[in-house]
Protein chains: 2
Amino acid sequence: MPSSTVENYLKHILLLSESAQDLVSMGELASALAVVPGTATTMIKALAREGYVAHQPRQGVSLTSAGRTVALSVLRKHRLVETFLVNVLKMDWASVHAEAEKLEHAISDEVLDRLDALLGYPATDPHGDPIPSRKGKLNFQVYASLATCALKQPLRIVRITEQTTEFLQFADQNHLLPGSTLSVTSRNLPAGLATIKTTGTRTQAMSITAAGKILVEPLRR
Amino acid sequence: MPSSTVENYLKHILLLSESAQDLVSMGELASALAVVPGTATTMIKALAREGYVAHQPRQGVSLTSAGRTVALSVLRKHRLVETFLVNVLKMDWASVHAEAEKLEHAISDEVLDRLDALLGYPATDPHGDPIPSRKGKLNFQVYASLATCALKQPLRIVRITEQTTEFLQFADQNHLLPGSTLSVTSRNLPAGLATIKTTGTRTQAMSITAAGKILVEPLRR
DNA sequence: TAAATTATTTTGACTAATCAAAATAGCGTG
DNA sequence: CACGCTATTTTGATTAGTCAAAATAATTTA
Ligand SMILES: [Mn+2]
Ligand SMILES: [Mn+2]
Ligand SMILES: [Mn+2]
Ligand SMILES: [Mn+2]
């Protein structure tokens, strides 16, 4: 059985390879895991020997199917645990990430299945992140963000892509949660600003960078 | 923060010093933790240096108050987690011990408090083991067992002192759960046998050793 | 009380995971 | 096409936790 260190490496490779074009660099990986690059190199060579990853020296690393299976299972645990903490224990959605980071390594498949049932088999976690299925299928969908969508269109927030407590608290305080409806009234690229209007007629500004972390879909109906 | 290894050492010292007369021997401790005695000695010397235990070389080890605080907190987590797994997730009471053994090291105080509230602040876990309070008070009560109580008296089971899956399954199948009522009809010490009668008029035999693991109180009312 | 048995401690070695700092490989720029 | 910058890899050390086996202390037995 992989140690929780190994599980963390594999999970972060999976997460980073969603954004990166498949090969994850040692630099990215090391900084995601808060270790020095040399440590990541050493570890990746060990993981390659054990068949979890393929290492292209000096290029980057990618998951094998064995590695992907482990990574998806850990990610599923992470996101179901977050959902449990928010939906059942009513915890602050900004703080559950850190909790799930530990619990994801301690929960058995048996417990997880029962949690899943208790929660009603949710498709996404409280941040809108998709929850991999028990069979390891990850519903990967491309959404526009508040930085890229059309202006003055009614939108619904579907996902917040950023785990830091600070950003999630900001989003919470401004009613920018998955499910909330709003529209982008204007954008000023040179200034790096976007102006949005939530349904309660409140208007506010935020940086384009921040706007890019909030994913939306056009409001149907 | 103590590692989960340290937490396990401290928790097991606490549990063993309930039965043993305060000083826990390296042999007992090592076998409880499934390590060789030399490992326990080495570890205990380190824990003594860090102020968690007092080590009387060649005699045994006991907890300092710092060590006892940690041990009680871990034990509280263990027992509340077991209660959650049985009461909320409806898991088999015989299997939850192994799950809790891992989760006890991954759960934060914040999550624990919310679990406690969700469960209605239980005083004991599914096996009847007392749950230490948030302030670290452990309700230590001395009960008679089926091996020591008076014969032909109506009794209520209050606790099963044995964590192994096999014993718990045996107890479950024979309706010997905390709360069940029964009486001991006879005892044959030379043969090492006790005969008990559960309220459903079922009569059965068990060894005195097994009977000693089932704690009871006289039935009032 | 001397010898034998048993428990504990010590010693030496190993694995997993990490860091600091030196070496190296790939760039891109001049 | 050489030089310099940057990312990566290598090297050498460290820490936590463990085991096997030898050494030692304590206790029991004769
Ligand atoms: Mn983690
Ligand atoms: Mn999430
Ligand atoms: Mn444990
Ligand atoms: Mn228990």
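Residues numbered from 1 in each chain as written. Chains lettered and ligands numbered in written order. Predicted model: local features only at pLDDT ≥ 70, side-chain atom pairs only at ≥ 80, totals over all residues. Heavy atoms only, no water.

A few points about the protein's contact with DNA strand D
- Near DNA strand D, the surroundings consist of 19 residues, among which Gly27(A), Lys45(A), Arg58(A), Ser3(B) and Thr39(B) are the closest.
- Among all atoms of DNA strand D positioned within 4 Å of the protein, those belonging to sugar or phosphate total 80%.
- Separating a phosphate oxygen of DNA strand D from a side-chain N or O atom of His55(A) is a distance of 3.1 Å.
- Arg58(A) places a polar main-chain atom, nitrogen or oxygen, 2.7 Å from a phosphate oxygen of DNA strand D.
- Going through the elements one at a time, helix H2 (26–33) and helix H3 (37–49) of chain A together with helix H1 (4–19) and helix H3 (37–49) of chain B are the ones with two or more residues in the surface near DNA strand D.
- Here the surface near DNA strand D is composed, by residue class, of eight nonpolar, eight polar and three charged. (Near = heavy atom within 4 Å. Polar contact = N/O pair within 3.5 Å; in protein donor to acceptor, adjacent residues only side chain to side chain. Helix = DSSP H or I, 4+ residues; strand = E, 2+ residues; numbered from the N terminus. Nonpolar A, V, L, I, M, F, W, Y, C, P; charged D, E, K, R; others polar.)

Description of the packing of helix H4 (residues 65–87) of chain B against helix H5 (residues 96–103) of chain B
Residue and element names in this part refer to chain B.
- Taken N-terminus to C-terminus, the directions of H4 and H5 make an angle of 130°; their axes are 9 Å apart at the nearest point. Relative to H5, the element H4 lies oblique. Remark: the crossing between H4 and H5 carries right-handed chirality. Residues His78, Val81, Glu82, Leu85 and Val86 of H4 pack against Val96, His97, Glu99, Ala100, Glu101 and Leu103 of H5.
- The residue makeup of the contact of H4 with H5, split by class, is six nonpolar, two polar and three charged. (Axes fitted to C-alpha atoms, helices over the stretch in contact; angles between N-to-C directions. Parallel < 35°, antiparallel > 145°, perpendicular 65-115°, else oblique. Left-handed = near helix turned anticlockwise from the far one by under 90°. Contact = heavy atoms within 4.5 Å.)

Some details on the coordination of the manganese ion (ligand 3)
Residue and element names in this part refer to chain B.
- For the manganese ion (ligand 3), every protein donor is listed as Asn8 (OD1), Glu101 (O), Glu101 (OE), Glu104 (OE) and His105 (NE2), and the spread of their distances is 2.0 to 2.5 Å.
- Taken in sequence order, the residues that donate to the manganese ion (ligand 3) follow the motif N-x92-E-x2-E-H.
- Judged by its relative accessible area of 1%, Glu104 falls in the buried class. (Donors = N, O, S within 2.8 Å, 3.2 Å for Na, K, Ca; no water. Buried < 20%, exposed > 50% of the residue type's maximum accessible area, 1.4 Å probe, protein only.)

As for the interface of chain B and chain A
- With 18 residues of chain B at the interface, the matching set in chain A holds 18 residues.
- Summing both sides of the interface, chain B and chain A together bury roughly 1400 Å²; the carbon and sulfur share of this comes to 69%.
- Three residues stand out in chain B for area buried against chain A, namely Leu89(B), Ala106(B) and Arg114(B), and they jointly supply 34% of the buried area on that side.
- Taken together, the connections running from chain B to chain A amount to zero salt bridges.
- Inspection of the region where chain B meets chain A yields eight residue pairs in polar contact (both at pLDDT 80 or more).
- Among the elements that line the side of chain B that touches chain A, the one with the most residues is helix H6 (residues 109–119) of chain B, at five residues.
- Grouping the amino acids of the side of chain B that touches chain A by side-chain chemistry returns eleven nonpolar, two polar and five charged. (Buried area = accessible area lost by both parts, 1.4 Å probe. Salt bridge = Lys/Arg side-chain N within 4 Å of Asp/Glu carboxyl O.)

Considering the coordination of the manganese ion (ligand 1)
- Bound to the manganese ion (ligand 1) on the protein side are Asn8(A) (OD1), Glu101(A) (O), Glu101(A) (OE), Glu104(A) (OE) and His105(A) (NE2), at distances that span 2.0 to 2.6 Å.
- Look at where the donors of the manganese ion (ligand 1) fall in the sequence and you get N-x92-E-x2-E-H.

Thoughts on the side chain of Ser62(B)
- The residue Ser62(B) is located in strand S2 (residues 60–63) in this model.
- In this structure Ser62(B) touches Asp22(B), Leu23(B), Val53(B) and Ala54(B), once residues within four positions along its chain are discounted.

Concerning the nonpolar core
- Core analysis: the largest hydrophobic core is formed by 76 residues, its most contacted members being Leu146(A), Ile214(A), Leu146(B) and Ile214(B).
- Among all residues touching Ile214(A), those that are not within four sequence positions of it are Ala144(A), Ser145(A), Leu146(A), Ile157(A), Arg159(A), Ile160(A), Phe167(A), Leu176(A) and Met206(A).
- Within the second largest apolar cluster, 24 residues are counted, among which are Leu14(A), Leu16(A), Leu33(A) and Leu75(A). (Core = buried A, V, L, I, M, F, W, Y, C linked by side-chain atoms within 4.5 Å.)

Some words on the protein's contact with DNA strand C
- Close contacts around DNA strand C come from 19 residues, with Ser3(A), Thr39(A), Arg58(A), Lys45(B) and Arg58(B) the closest.
- In DNA strand C, atoms within 4 Å of the protein come from the sugar-phosphate backbone in 77% of cases.
- Between a base oxygen of DNA strand C and a side-chain N or O atom of Arg58(A), the distance comes to 2.7 Å.
- At 2.7 Å from a phosphate oxygen of DNA strand C is found a side-chain nitrogen or oxygen belonging to Lys45(B).
- For the surface near DNA strand C, the secondary structure elements donating two or more residues are helix H1 (4–19) and H3 of chain A together with helix H2 (26–33) and H3 of chain B.
- Considering each element in turn, the surface near DNA strand C owes the most residues, four residues, to H3(B).
- Looking at the surface near DNA strand C residue by residue, the classes come out as eight nonpolar, eight polar and three charged.

Honestly, it's all geometry; don't read function into it.
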